[in-house]
Amino acid sequence: MMDRLLSMNAFVTAAELGSYARAAERLNLSPQMVAKHVTALEQRLGARLLNRTTRRQSLTELGSAYYERCKHILTEAEAADSLAQVMNDTPRGKLRITAPVTFGSYSLMPLITAFLREHPDVEIDLHLTDRFVDLVEEGYEVAFRIGPLATSSLTARPLAPYNLVVCAAPAYLAARGAPRVPADLEHHECLGYAFSSRPADREWVFYHGTVAHTVSVASRLQINESRALMSAALDGFGIVLGPEDFLRVALTRGELVRVLPDYAAPSRTMHLVYTANRQRTAKLRRFVEAVLDRFGPALRIKCETPA
């Protein structure tokens, strides 16, 4: 006999995602098993929940009402499980996290591995992508967001700005000359990251004290991968704007040289966001604490702002 909560979860997921195949991928089951769970519910109720054709599926009138009740039951069951974890305060279970690719690869990984060593009952599923991820729709519990936040129902905790540096290979500077002020960059090849969800930044903002200097930049080369971007800079093709953590080794070795050292390079705001409409589990609470410890300056900011 099938577990009724598992069957309800399979039915709700299939209804929300629109197909057994997508539900199976989310639930780590086979499409056939998802279908069996839904069929078991239909047999128990003596009525069809989903109208299925070769191209699409839709909820029946009963299915729509049953879907709402199932969501409520599953939420209450999850809250009960969360309450048990909060009471014993032992982080356990899988934590699904998403973060931008370069930040996740070079800045976040030391925190992730340290967290796993400290909490042996926790698993982490880390998904690195530069596209916008909908936490609720795609089943993630927490995300790192770089750049301005859109208004949403998520809870956002401010982190230290994501610091960028501007640098170039010695060979490029020897051939083209080193810019003395930000405006000089208009006459250089300026290599910036080309985001999958939006165009590359065409304006770089520098600060000299409290004075902002905005310069329009351009390049004939668009790249959406940081290692390739750095390769172009190391090859002497242009001046690169990139994350300080990522470029630090090349700068230390002298393979790249800081440009405009008297000006503060652009930086981007960074936040940790997570769902706030349910009891937070011990694993999530501890992870948020670890992130705030590692990525201040708003270290342990008590106020939480809407994302």
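Structure shown above.
So, how was this worked out
Residues numbered from 1 in each chain as written. Predicted model: local features only at pLDDT ≥ 70, side-chain atom pairs only at ≥ 80, totals over all residues. Heavy atoms only, no water. Helix = DSSP H or I, 4+ residues; strand = E, 2+ residues; numbered from the N terminus. Buried < 20%, exposed > 50% of the residue type's maximum accessible area, 1.4 Å probe, protein only. Contact = heavy atoms within 4.5 Å. Areas by Shrake-Rupley, 256 points an atom, 1.4 Å probe, with all protein chains shown as cover. Arc of directions from axis to C-beta. Polar contact = N/O pair within 3.5 Å; in protein donor to acceptor, adjacent residues only side chain to side chain. Axes fitted to C-alpha atoms, helices over the stretch in contact; angles between N-to-C directions. Parallel < 35°, antiparallel > 145°, perpendicular 65-115°, else oblique. Nonpolar A, V, L, I, M, F, W, Y, C, P; charged D, E, K, R; others polar. Pairing = 2+ DSSP bridges. Phe/Tyr/Trp six-rings, centres within 6.5 Å; stacked < 30°, edge-to-face > 60°. Expected span 1.5 Å × (residues − 1). Left-handed = near helix turned anticlockwise from the far one by under 90°. Salt bridge = Lys/Arg side-chain N within 4 Å of Asp/Glu carboxyl O.

**Q** Give me the overall build of the protein: which residues, what numbers.
**A** The helix and strand tally for the protein stands at ten helices and 15 strands. By residue count, 40% of the 307 residues in the protein fall in the buried class. Considering only contacts within the protein whose residues lie at least 6 apart along the sequence, 72% involve residues at least 24 apart. Here the protein has roughly 16,700 Å² of accessible surface; of this, 52% comes from carbon and sulfur atoms.

**Q** Help me get a handle on helix α8 (residues 226-234), residues and values and all.
**A** Those residues of α8 not exposed but buried are Ser 226, Leu 229, Met 230, Ala 232 and Ala 233. End-on, the buried residues of α8 take up no more than an arc of 155°, which puts them together on one face. Contacts from the buried residues of α8 go to α5 (101-118), β8 (190-191), β11 (239-243) and α9 (244-253). Backbone nitrogen of Arg 227 and a side-chain oxygen of the N-cap are separated by 2.8 Å at the start of α8; the cap is Glu 225.

**Q** Describe the environment of Arg 176, and please don't skip the residues or the numbers.
**A** The residue Arg 176 is located in helix α7 (residues 170-176) in this model. If we ignore the near neighbours within four places in the chain, the residues touching Arg 176 are His 187, His 188 and Glu 189. A distance of 2.7 Å separates the side chain of Arg 176 from the backbone oxygen of His 187, its partner in a polar contact.

**Q** Could you give me a rundown of the packing of helix α1 (residues 4-17) against helix α3 (residues 31-45), with the residues and numbers involved?
**A** In contact at an axis separation of 8 Å, α1 and α3 are set at 110° when each is read in the N-to-C sense. With respect to α3, the axis of α1 lies roughly perpendicular. Here Arg 4, Leu 6, Ser 7, Met 8, Ala 10, Phe 11 and Ala 14 of α1 lie close against α3, whose contacting residues are Val 34, His 37, Val 38, Leu 41 and Arg 44. Residues belonging to the contact of α1 with α3 are distributed by class as follows: eight nonpolar, two polar and two charged.

**Q** An account of the pairing of strand β5 (residues 142-146) is needed here, citing residue identities and associated values.
**A** Within β5, four of the five residues are buried, which leaves it mostly tucked inside the rest of the structure. Relative to strand β14 (residues 270-274), β5 runs antiparallel, the two being bridged by five bridges. Bridging across to β14, Val 142 finds its partner in Tyr 274.

**Q** Describe the packing of aromatic side chains, and please don't skip the residues or the numbers.
**A** Tallied over the full model, the rule gives eight aromatic pairs. Between Phe 144 and Phe 287, the aromatic rings sit 6.4 Å apart at their centres with planes inclined by 85°, giving edge-to-face as the arrangement. Separated by 143 residues along the polypeptide, Phe 144 in strand β5 and Phe 287 in helix α10 (residues 282-294) bring together distant segments of the chain. The two residues Phe 144 and Phe 287 agree in class, both being buried. Chaining the aromatic ring pairs together yields one cluster made of Phe 103, Phe 115, Phe 144, Tyr 162, Phe 287 and Phe 295.

**Q** Mind laying out α3, listing which residues take part and the relevant values?
**A** Between its first and last C-alpha atoms α3 spans 21 Å; for 15 residues at 1.5 Å apiece the expected length is 21 Å, and the two agree. Of the residues trailing α3, Gly 46 is marked for its positive phi of about 75°.

**Q** Residues and numbers for the packing of α1 against helix α2 (residues 20-27), please.
**A** Between α1 and α2, the least distance of the axes is 8 Å, while the angle of their chain directions is 125°. Between α1 and α2, the crossing angle belongs to the class labelled oblique. When the axes of α1 and α2 are compared, the crossing they make is right-handed. Facing Asn 9, Ala 10, Thr 13, Ala 14 and Leu 17 of α1, the residues of α2 in contact are Tyr 20, Arg 22, Ala 23, Arg 26 and Leu 27. When the residues that make up the contact of α1 with α2 are grouped by side-chain class, the tally is six nonpolar, two polar and two charged.

**Q** Which residues make up the pattern of salt bridges, and what values do they have?
**A** A full pass over the atoms with the stated rule returns eight salt bridges. Between Lys 283 and Glu 141 there is a salt bridge whose closest N-O contact spans 3.7 Å. One end of the pair, Lys 283, is in helix α10; the other, Glu 141, is in the loop between α6 (135-138) and β5, with 142 residues separating them in the sequence. A residue is classified by how much of its surface remains accessible, and Glu 141, at 11% relative accessible area, is buried. The salt bridge involving Glu 189 is made with Arg 220; its shortest N-O contact spans 2.7 Å. Taken as a pair, Glu 189 in the loop between α7 and β8 and Arg 220 in the loop between β10 (211-216) and α8 lie far apart in primary sequence, 31 residues in all. A residue is classified by how much of its surface remains accessible, and Glu 189, at 10% relative accessible area, is buried.

**Q** I'd love a proper account of unusual backbone geometry, names of residues and values included.
**A** A positive phi is found at Asn 28, a non-glycine position, where the angle reads about 60°. Tracing the chain through its elements places Asn 28 in the loop between α2 and α3. The exposed category is assigned to Asn 28, whose relative accessible area is 71%. Positive phi outside glycine occurs at Leu 260, with the angle close to 55°. With respect to the element layout, Leu 260 can be found in the loop between β12 (257-258) and β13 (267-268). Accessibility expressed as a relative area gives 4% for Leu 260, which makes it buried.

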